[in-house]
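Architecture and fold: a report
Spelled out, the chains give:
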Amino acid sequence: MEVSKETAKSDEWHLVGRVSSFPDIGLEEKCRVLPGCTIKSIPKTEDPEKSRANRLSDLDDQVLVFKYKGFLHAIDNQCPHSSFPLKQGNVFDIEDIGAGIRCFRHGWKFDLFTGKGDRGPHKLSLWDIDLRDPSSVPDGRSSSNDKEVWVRRHAQV
Ligand code: FES
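Please read these numbers as outputs of a predicted model, since none were measured by experiment.

Turning to the packing of aromatic side chains, a few remarks are in order. Two aromatic rings are characterised by how far apart their centres lie and by the angle between their planes. According to the stated counting rule, one finds two aromatic pairs in the structure shown. Relative to Phe113, the ring of Phe71 has its centre 5.7 Å away and its plane inclined at 90°; by these criteria the two rings are edge-to-face. One end of the pair, Phe71, is in strand β5 (residues 71–76); the other, Phe113, is in the loop between β8 (109–111) and β9 (127–132), and 42 residues separate them in sequence. Its guanidinium or amino end placed over the ring of Phe92, Lys109 lies 5.7 Å from that ring's centre, counting from NZ or CZ. When the ring centre of Trp150 is taken as origin, the NZ or CZ atom of Arg132, which lies over that ring, is 4.4 Å away.

As structure tokens, then:
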């Protein structure tokens, strides 16, 4: 698992790694998020004072990125129910085409494609994902087919 911090505008795109850097957790027996994820802290505000205050609830700024059965997912690393870190969760299939994450704390489940929860109005925040051709000089370990994974906090409507 990789954790990094960044200071930039919250509505900008942020590079979180190459596609090849995300092992498919769907290939593991318990589909746990933690071993195969990347966590990045992207403050919602550019105000250094507010940003410092947010350190108390650092989860509020974190995006959790992982791959499950070939699909990359970027979500808040914070359960909408009671703010438990979702990196501790497990991913599971929803019928034949969907996927969800189960929070380890109280067992609530959230759809990874819609954010919809299985109880009450709580909804998981999903981030936008964009796969881009590598912009840097090839490092010899990854091919040009190994896209960069960029994420952006989804605009609230
Ligand atoms: S904190 Fe996640 S289900 Fe309660």
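Let us keep going from here.
A word on the nonpolar core. Residues Phe66 and Ile101 are the most contacted members of the largest nonpolar core, which totals 19 residues. At the level of secondary structure, the elements contributing two or more residues to this core comprise β4 (62–68) and β7 (98–102). It is β4 that provides the largest number of residues to this core, a total of three residues. Excluding anything up to four places from it in sequence, Phe66 contacts Phe22, Ile25, Val33, Gly36, Cys37, Phe71, Leu72, His73, Ile75, Val91 and Leu112. Counting residues in hydrophobic clusters, the runner-up holds 10 residues, among them Phe22, Val63, Leu72 and Val149.

The rules behind each value
- Residues numbered from 1 in each chain as written.
- Predicted model: local features only at pLDDT ≥ 70, side-chain atom pairs only at ≥ 80, totals over all residues.
- Heavy atoms only, no water.
- Phe/Tyr/Trp six-rings, centres within 6.5 Å; stacked < 30°, edge-to-face > 60°.
- Helix = DSSP H or I, 4+ residues; strand = E, 2+ residues; numbered from the N terminus.
- Lys NZ or Arg CZ within 6 Å of the ring centre and 35° of its normal.
- Core = buried A, V, L, I, M, F, W, Y, C linked by side-chain atoms within 4.5 Å.
- Buried < 20%, exposed > 50% of the residue type's maximum accessible area, 1.4 Å probe, protein only.
- Contact = heavy atoms within 4.5 Å.

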